[in-house]
Amino acid sequence: MSMTRYFETTGNQLLDTELHFCSGANRPAEIRALVATGNNVGIAVNEIGEAGLQVIEESKGNYWQRFFVDSGAFSEVTFGANGPQITRPISDAEWTKRLARYDRLAASMGKQVYLVAPDCVAHQDETLARLAKYSAQIVGWMVAGANVIVPVQKGKLSMPEFTRAVARILGAAAQLVIWGVPMKKDATSVDELRAFVAAVKPARMHLLGIGPKSKGYRAAVAAVVGESPDCEVYSDSVRITALVGRNNGPGGGPRPITKYLAEGQGPEYAVRRAMMDELSHDVAEAEADGWVDESKDAKRSAMRLAAGGQMQLCLAVA
């Protein structure tokens, strides 16, 4: 298994891509390919089947391998002229079904899973109501060792006030929460993010919907670590979809996964090969800049190499 990680540094701050998840990987072949290429995996629990759950559980005990598990609540809200509207509400029966899968993954995978708590995009009151309704299950996931991400949705309460409302619902367990900040749907601005971190000083945060290759990612992480230097910054973004397409790749040709599929390769091979191509490109850029370190203690090496205010790249291969 590849254990390659790369780290971007701004000044003396470490932006650790080991804390990023390639989300939208709901098919067994996609999950296997991402795991094989050393990537953390993000799934939507309403889209994954039994075979996919079993593939995730094959990584039980491989504690470097992390899985981001979303509830799929993002699909129930649409944005139009009248603002965000709940157009495809999730029924109580459907929540029961989805959260039973959370129960299973928390019990089987423990700290390897990062579960997005029940919420409602752009609807603060509904999010708080769902957190209250399923609070016993949420605390149970934490007791099992799982990580829980609580999205900080907007509404009449400020973002810091929202975290205090969550604390009243979850009690002492709220201290273990990873605060998730929406960066795509009902996106949080960098100024809002900076003010939130300055007020709350979180130990861990998750930037929902963006990653190292996303526009605005570096500015968002810089805002977080500027106010809370020791904060662990997690993130997720869809990557596989960006590598699929027949006529929108380099020179108007196919994108990598589509190209490899057209050559007759299976989906697992196609995804694995495309991800390795990306990694090779990152390695070449790192070597060209002289930022390669083969120390097994990659994180310490990256921090040691960080200097100045310019974005640098440190690649570590173990």
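Criteria and cut-off values
- Residues numbered from 1 in each chain as written.
- Predicted model: local features only at pLDDT ≥ 70, side-chain atom pairs only at ≥ 80, totals over all residues.
- Heavy atoms only, no water.
- Helix = DSSP H or I, 4+ residues; strand = E, 2+ residues; numbered from the N terminus.
- Buried < 20%, exposed > 50% of the residue type's maximum accessible area, 1.4 Å probe, protein only.
- Areas by Shrake-Rupley, 256 points an atom, 1.4 Å probe, with all protein chains shown as cover.
- Pairing = 2+ DSSP bridges.
- Axes fitted to C-alpha atoms, helices over the stretch in contact; angles between N-to-C directions.
- Contact = heavy atoms within 4.5 Å.
- Phe/Tyr/Trp six-rings, centres within 6.5 Å; stacked < 30°, edge-to-face > 60°.
- Core = buried A, V, L, I, M, F, W, Y, C linked by side-chain atoms within 4.5 Å.
- pLDDT = per-residue confidence, 0-100.
- Arc of directions from axis to C-beta.

1. Here we look at the overall build of the protein
Argument step 1. Scanning the protein from terminus to terminus reveals 11 helices and 14 strands.
Argument step 2. Within the protein, the proportion of its 318 residues that are buried is 51%.
Argument step 3. Only carbon and sulfur atoms are counted for the fraction: they give 51% of the accessible area of the protein, which is about 14,400 Å².

2. Regarding unusual backbone geometry
Argument step 1. For A122, which is not a glycine, the phi torsion comes out positive at approximately 65°.
Argument step 2. If you trace the backbone, A122 turns up in the loop between β8 (113–116) and α4 (124–133).
Argument step 3. Among the residues examined, A122 registers a relative accessible area of 14% and is labelled buried.
Argument step 4. A positive phi is found at K201, a non-glycine position, where the angle reads about 50°.
Argument step 5. Mapping K201 onto the fold places it in the loop between α7 (190–200) and β11 (204–208).
Argument step 6. Of the residues examined, K201 reaches a relative accessible area of 45% and is grouped as partly exposed.

3. Notes on the sheet that holds strand β9 (residues 147–151)
Argument step 1. The sheet built from eight strands closes into a barrel, its strands ordered β3-β4-β5-β8-β9-β10-β11-β12 with parallel pairing. Here the strands of the sheet are splayed against their neighbours by 25° on average, with no regard to which way each runs.
Argument step 2. Packing against the sheet, helix α3 (residues 92–109) makes contact with β5 (67–70) and β8, and its axis sits at approximately 155° to β8.

4. Side note on the packing of aromatic side chains
Argument step 1. Under the defined criterion, the tally for this structure stands at six aromatic pairs.
Argument step 2. Plain terms: the ring middles of Y114 and Y234 are 5.3 Å apart, the flat faces sit at 45° to each other, and that makes the pair tilted. Of this pair, Y114 sits in strand β8 while Y234 sits in strand β12 (residues 232–238), placing them 120 residues apart in sequence.
Argument step 3. Note on Y114: relative accessible area 4%, which makes it buried.
Argument step 4. Each residue in the set F21, F68, Y114 and Y234 is aromatic and connected to the rest through ring pairs, giving one cluster.

5. Structural notes on the environment of Y134
Argument step 1. Position of Y134 among the secondary structure elements: in the loop between α4 and α5 (135–143).
Argument step 2. Looking at Y134, the relative accessible area reads 8%, which means it is buried.
Argument step 3. Between the C-alpha atom of Y134 and that of W95, which follows or precedes it by 39 residues, the distance is 9.6 Å.
Argument step 4. For Y134, the residues in contact, after removing those within four places along its chain, are D92, W95, L99 and P118.

6. Regarding the nonpolar core
Argument step 1. Judged by nonpolar contacts, the single largest core of 78 residues is most densely connected at I31, W141, V150 and L193.
Argument step 2. Those residues within four positions of V150 in sequence are excluded, and the remaining contacts are A117, L131, F162, V166, V177, I178, W179 and G180.

7. Considerations on the confidence of the model for the protein
Argument step 1. When the pLDDT values of the protein are averaged, the result is 85; 84% of them are 70 or greater.
Argument step 2. Confidence drops under pLDDT 50 across residues 1–15; counting only partners more than four residues distant or on other chains, this segment forms 66 contacts.
Argument step 3. Residue range residues 293–318 is modelled with pLDDT below 50. Its contacts to residues more than four positions away, or to other chains, number 62 contacts.

8. Some thoughts on α4
Argument step 1. Among all positions in α4, only Q124, T127, L128, R130 and L131 are buried. Within α4, the buried residues cover an arc of 160° as seen down the axis, which keeps them to one side.
Argument step 2. In the core, the buried residues of α4 are packed alongside α3, α5, β9 and α6 (159–170).

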